[in-house]
Every structure is written in structure tokens, then in C-alpha cells.
Amino acid sequence: MNKATPLTIAVPKGRLQGAVISLCEEVGMDCSELKDPSRRLIVPVPGTTWRFLLAKPADVPTYVEYGAADLGVVGKDILLESRKDVAELLDLGFGKCRLIVAVPESSGIQDIQELDFNSRVATKFPRITTEFFNRQGIQAEVVELNGSVELGPIVGLADAIVDITETGTTLEENGLIPITDIARVSTRLIANQVSYKVKYDVIHSLVEQFRVVLAGKRS
Ligand code: PRP
């Protein structure tokens, strides 16, 4: 690994963090400081000029687009929603989820075409949701939430939700059932467009190392 080129990698805090740490360790990065449960948000990779930046998942594309981070790890769902000008380098294969439309099981609705005119749809993904319902020719009011979207139908805020589901547990525990799949998503490695050109060698080398590790997992 090139020690001379400074490189910042934006890592999403939360559910993907463990998998990112494992992957980075497998290519030889010392992630001991990243595992330290302190509140530090910039974490060096000891013995290198590399560092991790710990960000809210939805902010990772922003840090990368503006060059505050050279690289970032982010779910395809967030990438699709953010529409930031970044280079998508690699599908890291983990964090596989479905982006779905779900409704209360008690509603009896089995198809999105059965939703009433102007139904309210709660989501963290307003752009994706608006475009999806437009494509389906369904008039819906999109209500943006920042999390715990499953609450929407329970408290009467929304008739349906658009959200990601991994195990299905959150839907089930809140009386919701998926009725339509919008997309399958997984975690992506992204790069700042300028960094990708200027620091091509070191970024390309890391991508190739990730590729080897990921291929080993698949075989
Ligand atoms: C995500 C998603 C669902 C849940 C689905 O939320 O928005 O709520 O995970 O996972 P499951 O199918 O495995 O139950 P997250 O945990 O990221 O928190 P948030 O709702 O606060 O965004």
C-alpha cells in the first residue's frame, strides 16, 4: 500500500461499519482505531497517511462529491437518492437489501395500483419514491422522514412506505408487508471524480485488492 499519498475514506456509521472494517483489515489496513468506540470522527490508519472519516450514511456521497473524502462506502439506495456527482467504482457485495413498497397487512392491499388516489407514502427516499410512483402512473403524496419510517402507517401519517428491508423483521414487527420491489441494492465504493484521476494509482491498487478479497469470498 502506498504510504505517501494521503487518502481519506468516508465510512458510514452503523450497520455497514463492521463489514467495512473487515474488508479493510483483509487488505492489510490496521483498523484498530476505527474499532475504538470513542466519539472521534477522523480516525487514522496507523503507519500510513490514510485515514477514515466516520459519517452518517446519507452524508457519505456529499463528503465524497466535495472532495472532503477521496473514497466512500455507501448503500446503492443512498447513492440513487443523493444523485451526487461521484464515480462508482465497485460493488462490495455486502449490505444486500431490497427497496420496497410496503403497506399495513391489515389494509388487505396486495398491489400498489390498489392504493387510493393521493395516498401518502412515507420514506427516507423522496426522489426515488416520487419517480417510482410517477412511472407507475400513481398519484401519491410523498412524506419525507429521516428514519423509523415503519411508524408512518401505524400512527396514521402514511398509507404506505418505501424503505429498504434486509431481514424483514422491522416490517413484520410493525404489521407491514411488502407489495412491490423497486430495486435490489448493495454497498458500493465511490470516489471523488478529481481524486480518482489525481490519485488513480493508489485508488486503483486498493480497488484491485478489494476485488481479490471479494472474489475469494464468492468462490
Ligand atoms: C433500516 C430500514 C428499516 C430496517 C430494515 O433502518 O430503514 O427500518 O433497517 O431492516 P430489517 O429488514 O433487517 O428489519 P435502519 O436500521 O438503518 O434505521 P432507521 O430506520 O433509523 O433509518
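Only a predicted model underlies this, so the values are computations on that prediction, with no experimental measurement involved.

Asker: What exactly am I supposed to notice about the packing of helix H1 (residues 17-26) against helix H9 (residues 200-218) here?
Answerer: Angle between the axes and distance between the axes: these two values describe a pair of packed helices. Contact geometry of H1 with H9 gives a least axis separation of 9 Å together with a crossing angle of 110°. With respect to each other, H1 and H9 are oriented roughly perpendicular. Only Phe210, Val213, Leu214 and Lys217 of H9 make contact with H1, whose side of the interface consists of Leu23, Cys24 and Glu26. Partitioning the contact of H1 with H9 into residue classes produces five nonpolar, no polar and two charged.

Asker: Can you help me understand the pattern of salt bridges in this one?
Answerer: Oppositely charged side chains may form a pair once their charged atoms are brought near each other. The full count for this structure, using the stated rule, is 13 salt bridges. Of the charged contacts, one joins Glu131 and Arg83 as a salt bridge, the two residues approaching to 3.0 Å between their closest N and O atoms. Taken together, the positions of Glu131 in helix H5 (residues 126-135) and Arg83 in the loop between helix H4 (76-82) and strand S5 (86-91) put the pair 48 residues apart, joining distant regions of the chain. Through salt bridges with shared partners, one network takes in Lys76, Glu88, Asp91 and Arg188.

Asker: Just to check I follow, could you spell out the site of the ligand for this structure?
Answerer: For the ligand, the set of nearby residues contains 13 residues, the closest of which are Arg15, Lys124, Glu150, Thr167 and Thr170. When the ligand is considered free in solution it has 500 Å² of accessible area, and contact with the protein chains removes 72% of it. More than half of the atoms belonging to the ligand lie within 2 Å of the grid points that define the largest pocket. Listing elements by their share of the shell around the ligand, those giving two or more residues are strand S9 (160-165) and helix H7 (169-173). Among the elements that make up the shell around the ligand, the one with the highest residue count is S9 (three residues). Residues of the shell around the ligand, tallied by class, amount to one nonpolar, seven polar and five charged.

Asker: Please clarify how the side chain of Ser119 should be interpreted in this entry.
Answerer: Along the polypeptide, Ser119 turns up in strand S7 (residues 119-123). Here the side chain of Ser119 touches Asp116 through a polar contact of 2.7 Å, landing on its backbone oxygen. Apart from the residues lying within four places of it in its own chain, the contact partners of Ser119 are Gln139, Ala140, Glu141 and Asp159.

Asker: Looking at this structure, I do not really get the sheet that holds strand S11 (residues 187-192). What am I missing?
Answerer: Ordered by their spatial adjacency, six strands build an open sheet running S2-S3-S1-S4-S11-S5, and the pairing between neighbours is mixed. Every other strand in the sheet has two partners, leaving strand S2 (42-44) and S5 as the edge strands with one partner each. Pairwise comparison of adjacent strand axes, ignoring direction, gives a mean angle of 30° for this sheet. Relative to strand S3 (residues 50-55), strand S1 (residues 7-12) is paired through six bridges, and the arrangement is parallel. The residue of S3 that forms the bridge with Thr8 is Arg51. This element, H1, spans S1, S3 and strand S4 (71-75) of the sheet and lies at about 145° to S1.

Basis of the calculations
- Residues numbered from 1 in each chain as written.
- Predicted model: local features only at pLDDT ≥ 70, side-chain atom pairs only at ≥ 80, totals over all residues.
- Heavy atoms only, no water.
- Axes fitted to C-alpha atoms, helices over the stretch in contact; angles between N-to-C directions.
- Helix = DSSP H or I, 4+ residues; strand = E, 2+ residues; numbered from the N terminus.
- Parallel < 35°, antiparallel > 145°, perpendicular 65-115°, else oblique.
- Contact = heavy atoms within 4.5 Å.
- Nonpolar A, V, L, I, M, F, W, Y, C, P; charged D, E, K, R; others polar.
- Salt bridge = Lys/Arg side-chain N within 4 Å of Asp/Glu carboxyl O.
- Near = heavy atom within 4 Å.
- Areas by Shrake-Rupley, 256 points an atom, 1.4 Å probe, with all protein chains shown as cover.
- 1 Å grid on protein atoms, 1.4 Å probe; cavity = no way out; pocket = protein on both sides within 12 Å on 5 of 7 lines; lining within 4 Å.
- Sits in = over half its atoms within 2 Å of the grid points.
- Polar contact = N/O pair within 3.5 Å; in protein donor to acceptor, adjacent residues only side chain to side chain.
- Pairing = 2+ DSSP bridges.

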